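Letter by letter, the chains look like this.
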Amino acid sequence: MNGTSELRLARSATVPELTGTYNITGGTITLNGAGNQTIRSLNAVPSAYYNLNLANTAIKSLAGAITVQNNLTLSSTAQLDVGASNYMITLGGHWNVTSTNADPFVQRNGTVLFNGIAEQTISTVLAGGETFYNFTVNNPVGVKLNTIISAGNDLTIESGAVLNSNNFNMFVGRNWVNNGGNFLPVTNTVDFNGGAAQLISATTTASFYNIIFSNSNTKLLGCNISVSNALQIRDNAVLDVSASNFGISIAGDWTVTSANANPFIERSGTVTFNGVALQNISTILLAGETFYNFIISNNTSGVRIQNPINVTANLTINAGAFLDANNKDITVAGNWTNNAGNFIPTTGRVTFNGTTTQTITNLTGETFYNVTLNASGILTLDGSSNMKITNNFTMTAGNFDLNGRILTLGDGANASLNRTSGILYGGVLKRYIATGSAITYNSASNLGLFPVGSATEYRPVELESIVAPTASGFVSVSHTDAINVSDVVYIDNEGDPISRITDMYSSISTSGGFSGGTYKVHVTMTSLSPVGLV
């Protein structure tokens, strides 16, 4: 057969009945019987089908694997069934379904391979799109969707092949395998909706526009993924970055509505928010969303959290980027690094709860609203970074190494300090005190408490007002540990004998216009060695 020739077969038998040697280089074979027909296996070019048209009514069942060199068409009310043996279809041209049968293609567990050398399209009249079981693309020019498709099992893009979604959505029931091909998501959504475990793998980063993880079970990353718009975890699904700790970059919203107790398994992976429109992070989990490394690179509109977030490693705000706490709490177990970005604390609380040393870095100074230190490791300021807390500082556990820098509490309004445990050392604690404030070190605000000392010794300075200050400003305290001691013999002005002098001391100063008032100052020193011991 060649050219525009057509062979029509209406018999209810295995057709076409071809024997001997023959070439099919063109034309169309049409199976248009009103009864069920069996399609003979023609699977080797040039003896394979060129155009295959399944028309009229009833079921057209495969008797074996077939190859269609050009177009496959299902018309009228015909139905194509791959058979109980799940025979494979290899197609070099277009897939076109105009059949009004409710289920024109019975895919069972078969595979459809698109391996043309010119652009291939997939079309159907079904509102819900076309459904395949295994769907494989091996066309270097590309397969273009003109409809929604569902792959009940694996979707595979072979090396060098191109799959163009053409903005149509896709559903994948099992694995996504990109063996070095090119997926063009345009603005479509890929929904991994299988009830069994699913794997997303590629030889490089797998790129999507919108991605949804739905239904149930675990969706396991086998590569880094890049999402140009939104990511959703729904139903009872779980997204796992895998033991290889693959990364996720996302330019849209992160939304978790999955009822699973742990819908995102972050392991030691990194999630980077790098959009240009405002990005929102939301979850139905009462405790909030948990990330390992959390990076903000959206320097146009920023990232806004709609629920608390927990960062079990490092939080980074890159140059020009914005992180809006939106009055929600943030917990960080690693480093806080602001590389000339913008943190908008609103009225949220940042808790540092690391088990090893945590460093806060912002070369222009970082500002928080509320801060809690509840760590078994040490919190430290970078050697070039100051820090300000405008409302409340709660010291539950852990020491804070100021590293030669300044920690400011309050600015234009008083900030409270609540201490259960912990020491500030190695720098300056600077507290704003408003005009007329009653200064105490054992009340709710503890305006007069300066919990300073050394890395191992708590040596607080406690300020108490007898008469309140008449002008607002700052009181600063620092503590210097002993380096040298001198043995002496003299009597002080209260008649007490002095035997040893140490250069351990605490310094108190004022700035910013602070003046007036009368005060008592309590200074505590510890670990003073007895005479004769150095």
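Residues numbered from 1 in each chain as written. Predicted model: local features only at pLDDT ≥ 70, side-chain atom pairs only at ≥ 80, totals over all residues. Heavy atoms only, no water.

Some points on the overall build of the chain
- Along its length, the chain carries zero helices and 62 strands.
- In summary, the chain has a C-alpha radius of gyration of 36 Å against a globular reference of 24 Å for 534 residues, an excess of more than 25%.
- The principal-axis extent of the C-alpha atoms belonging to the chain is close to 125 × 45 × 35 Å.
- Within the chain, the fraction of its 534 residues that count as buried is 47%.
- Summarising the internal contacts of the chain: among those between residues at least 6 apart in sequence, 36% fall at separations of at least 24.
- Surface accessibility of the chain: about 21,300 Å² in total, with carbon and sulfur atoms responsible for 49%.
- Treating the 21 positive side-chain charges of the chain as one cloud and the 29 negative ones as another, the clouds have centres 9 Å apart. (Helix = DSSP H or I, 4+ residues; strand = E, 2+ residues; numbered from the N terminus. Rg over C-alpha atoms; globule rule 2.2 N^0.38 Å. Buried < 20%, exposed > 50% of the residue type's maximum accessible area, 1.4 Å probe, protein only. Contact = heavy atoms within 4.5 Å. Areas by Shrake-Rupley, 256 points an atom, 1.4 Å probe, with all protein chains shown as cover. Lys, Arg positive; Asp, Glu negative; His and termini not counted. Charge placed at Lys NZ, Arg CZ, Asp CG, Glu CD.)

Digging into the sheet that holds strand S15 (residues 130-132)
- What the eleven strands build is an open sheet, ordered S15-S18-S21-S24-S27-S30-S33-S36-S39-S42-S45; its pairing is parallel. The open sheet has two edge strands, S15 and strand S45 (342-344), and neither has a second partner. Going across the sheet, the axis of each strand differs from the next one's by a mean of 15 degrees, ignoring polarity.
- As judged from the three bridges shared by strand S33 (residues 254-256) and strand S36 (residues 279-283), these two strands associate in the parallel manner. Residue Thr-255 lies in a different strand from S36, and its bridge partner there is Ser-282. (Pairing = 2+ DSSP bridges. Axes fitted to C-alpha atoms, helices over the stretch in contact; angles between N-to-C directions.)

A closer look at the environment of Phe-246
- Inspection of the secondary structure assignment puts Phe-246 in the loop between strand S31 (236-240) and strand S32 (248-250).
- With 21 residues separating them along the chain, Phe-246 and Ile-225 place their C-alpha atoms 7.8 Å apart.
- Residues in contact with Phe-246, not counting those within four places in the same chain, are Leu-221, Gly-222, Cys-223, Asn-224, Val-241, Gly-269 and Thr-270.

Digging into the environment of Gln-37
- Structurally, the position occupied by Gln-37 is in strand S4 (residues 37-39).
- Separated by 25 residues in sequence, Gln-37 and Leu-62 place their C-alpha atoms 8.8 Å apart.
- A polar contact of 2.8 Å, which involves the side chain of Gln-37, links it to the side chain of Lys-60. (Polar contact = N/O pair within 3.5 Å; in protein donor to acceptor, adjacent residues only side chain to side chain.)

Some points on the pattern of salt bridges
- Using the criterion set out here, one finds five salt bridges in the structure.
- Two residues, Asp-240 and Arg-267, come together in a salt bridge whose shortest N-O distance is 2.7 Å. With a gap of 27 residues between them, Asp-240 in strand S31 and Arg-267 in the loop between strand S34 (264-265) and strand S35 (270-273) connect regions that are remote in the sequence.
- Taking the relative accessible area as the measure of exposure, Asp-240 reaches 5% and is therefore buried.
- By relative accessible area, which is 38% here, Arg-267 ends up partly exposed.
- One salt bridge connects Asp-324 with Arg-304, and the closest N-O pair in it is separated by 3.1 Å. (Salt bridge = Lys/Arg side-chain N within 4 Å of Asp/Glu carboxyl O.)

Observations regarding the sheet that holds strand S57 (residues 461-467)
- Read across the sheet, three strands follow the order S56-S57-S62 without closing on themselves; strand pairing throughout is antiparallel. Since the sheet does not close on itself, it has two edges, and those belong to strand S56 (449-450) and strand S62 (518-523), each with one partner.

So, the side chain of Asn-210
- Tracing the backbone shows Asn-210 in strand S27 (residues 210-213).
- Within the structure, Asn-210 has its side chain in polar contact with the side chain of Asn-229 (distance 2.7 Å).
- With residues near it in sequence (within four places) discarded, Asn-210 still touches Thr-187, Asn-188, Thr-189, Val-190, Asn-229 and Ala-230.

Some thoughts on the packing of aromatic side chains
- Scanning the entire structure with this criterion turns up 28 aromatic pairs.
- The interplanar angle of 20 degrees and the centroid separation of 5.8 Å between the aromatic rings of Phe-192 and Phe-213 together place this pair among those described as stacked. A residue pair is termed long-range when its members are at least 10 positions apart, and Phe-192 in strand S24 (residues 189-192) and Phe-213 in strand S27 qualify at 21 residues. Across this residue pair, the class does not change: Phe-192 and Phe-213 are buried.
- Connected via pairs of aromatic rings, a cluster forms that spans Trp-95, Phe-105, Phe-114, Phe-132 and Phe-135.
- Across from the ring centre of Tyr-458, 3.6 Å away, lies the NZ or CZ of Arg-419, which sits over that ring.
- Above the plane of the ring of Phe-474 lies Lys-430, whose end atom (NZ or CZ) is 4.6 Å from the centre. (Phe/Tyr/Trp six-rings, centres within 6.5 Å; stacked < 30°, edge-to-face > 60°. Lys NZ or Arg CZ within 6 Å of the ring centre and 35° of its normal.)

Some details on unusual backbone geometry
- Looking along the chain, the bond that leaves Val-45 and enters Pro-46 is cis, with omega of 15 degrees.
- With respect to the secondary-structure elements, Pro-46 resides in the loop between S4 and strand S5 (51-54).
- A positive phi angle is found at Asn-215, which is not glycine, with a value near 65 degrees.
- Looking at the element boundaries, Asn-215 is found in the loop between S27 and strand S28 (216-221).

Let's talk about a nonpolar patch on the surface
- A cluster of nonpolar side chains, contributed by Ile-508, Val-521 and Val-523, occupies part of the molecular surface with about 240 Å² of accessible area.
- Relative to the helices and strands, Val-523 is located in strand S62. (Patch = residues over 30% accessible without salt bridge, like charges linked within 9 Å, V, L, I, M, F, W, Y side chains within 5 Å.)

Considering the environment of Ser-506
- Within the fold, Ser-506 resides in strand S61 (residues 505-511).
- A sequence separation of 273 residues divides Ser-506 from Ile-233, and the C-alpha atoms of the two residues are 54 Å apart.
- Not counting the four nearest positions on each side in its chain, Ser-506 is found in contact with Val-461, Ser-478, His-479, Val-523 and Met-525.
- At a separation of 2.9 Å, a polar atom in the side chain of Ser-506 contacts the side chain of His-479.

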